[in-house]
Amino acid sequence: MRNLDENTITEAVLARHAQATDERLKHIVTSLVKHLHAFAREVNLTESEWEAGIRFLTEVGHITDEHRQEFILLSDTLGLSMLVTALAHRKPAGCTEATVFGPFFVDNAPPYNNGDDVANGAPGEPCFVSGAVRGPNGEAVSGARIEVWQADAKGLYDVQYNDTGTHRARGVLHSLPDGRYHFRSIVAEPYPIPHDGPVGRMLDALGRHPWRPAHLHFMITAPGYERLVTHVFREGDRYLDSDAVFGVRSSLIAQWHRHPAGTAPDGTAMATPYSTLEFDFVLNRST
Ligand code: BEZ
Ligand code: FE
């Protein structure tokens, strides 16, 4: 194969993969090459633009380590993560929709009982969260593992502080026999995704902001049901229609009700204002 030109090179590259034995890999790489070449032709990619792209991806790699995954942030901000989530979770109507996982999940979050305060000292206005976990036919899901994590009043997750090791505003609890759950935490606030690296510069160059609307993350698992990774977003947040990672779904938006000082739903005497949030989850059956 010689003298390849702009018209013949794509087929030549694809022909080189003819012997690949992994059919799925072959399918993916064939499509990738076709789309990459079509993209370069469509924008008439120059050599200096190609070099800038390589430099950008190199920086994304250099800033990535075990604490920071800039490639996932790139995928998130280009809408690829949410597209993959949408493709993987086409659920029957009525099931709670999935959204992006995000980079702030950690293994080994502390266990809690219903009613406990998962904030564990994280700054923020107290918030009492409750609801139920159900199946598609409305059946209570007892003993579902509910993992929750969220940013604090400063818009930071515990893992973004240097005093690592202390888990705050995250934890694991289990639904009660009637499917219900309840815990205390803090009011979620909007926050910018990490934007001091190449992805932040990309957003800036594109005239985009890095903010995410306030949300609580949930991961819920129960035998016989599909794992649910989702958020609950706060009604009224100014970033609901411009989430930096395209994760908002109307069905996941809920009202945080604010109350003056008084008696909280669990009977606690509150000397300061507090909020309440009620949200039910509907799990899809696993196949
Ligand atoms: C998050 O919600 O934690 C998140 C998701 C995607 C990118 C950055 C943060
Ligand atoms: Fe988040």
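Residues numbered from 1 in each chain as written. Chains lettered and ligands numbered in written order. Predicted model: local features only at pLDDT ≥ 70, side-chain atom pairs only at ≥ 80, totals over all residues. Heavy atoms only, no water.

Identification of the chain as Hydroxyquinol 1,2-dioxygenase from Paraburkholderia rhizosphaerae is taken from an unreviewed UniProt entry. Quoted verbatim from the Cofactor (unreviewed entry) heading of the UniProt record, the comment on the chain is "Fe(3+)". Quoted verbatim from the Sequence similarities (unreviewed entry) field of UniProt, the annotation for the chain is "Belongs to the intradiol ring-cleavage dioxygenase family." (UniProt positions renumbered as here; feature names shortened; annotations may be inferred.)

Caption draft 1: Region of the structure containing unusual backbone geometry. Its identity as a non-glycine residue notwithstanding, N44 has a phi of 50°, on the positive side. Along the chain, N44 turns up in the loop between helix 2 (23-43) and helix 3 (47-63). One non-glycine residue with positive phi stands out, namely N120, at about 50°. (Helix = DSSP H or I, 4+ residues; strand = E, 2+ residues; numbered from the N terminus.)

Caption draft 2: Structural detail: the domain arrangement of the chain. Annotation of the chain at the domain level lists domain 1 (9-45) and domain 2 (74-282). On a C-alpha basis, the centres of domain 1 and domain 2 stand 39 Å from each other. (Domains from an automatic or database assignment.)

Caption draft 3: Focus on the site of ligand 1. Surveying the vicinity of ligand 1 reveals 13 residues, the closest of which are D76, Y191, R212, H215 and H217. Within the side chain of Y191, an N or O atom sits 2.6 Å from an oxygen atom of ligand 1. Side-chain polar atom of H215 to an oxygen atom of ligand 1: 3.0 Å apart, as the coordinates give it. Considered on its own, ligand 1 offers 260 Å² of accessible surface; in the complex 100% of this is hidden by protein. Broken down by secondary-structure element, the contributors of at least two residues to the shell around ligand 1 are helix 4 (70-77) and strand 7 (215-221). Residues of the shell around ligand 1, tallied by class, amount to seven nonpolar, four polar and two charged. (Near = heavy atom within 4 Å. Polar contact = N/O pair within 3.5 Å; in protein donor to acceptor, adjacent residues only side chain to side chain. Areas by Shrake-Rupley, 256 points an atom, 1.4 Å probe, with all protein chains shown as cover. Nonpolar A, V, L, I, M, F, W, Y, C, P; charged D, E, K, R; others polar.)

Caption draft 4: Main features of the packing of helix 3 against helix 4. Orientation of helix 3 relative to helix 4, taken along the N-to-C sense of each, is 125°, at an axis distance of 8 Å. Taken as axis vectors, helix 3 and helix 4 run oblique relative to one another. In contact with F56, L57, V60, G61 and I63 of helix 3, helix 4 contributes E70, F71 and L74. Its residues placed into classes, the contact of helix 3 with helix 4 shows six nonpolar, one polar and one charged. (Axes fitted to C-alpha atoms, helices over the stretch in contact; angles between N-to-C directions. Parallel < 35°, antiparallel > 145°, perpendicular 65-115°, else oblique. Contact = heavy atoms within 4.5 Å.)

Caption draft 5: Examining the UniProt feature "domain: Intradiol ring-cleavage dioxygenases" (unreviewed entry) in the chain more closely. Sequence positions flagged by UniProt for "domain: Intradiol ring-cleavage dioxygenases" (unreviewed entry) are, in local numbering, residues 129-157. As annotated, residues 129-157 has a helix share of 0% and a strand share of 41%, and its two end C-alpha atoms lie 18 Å apart.

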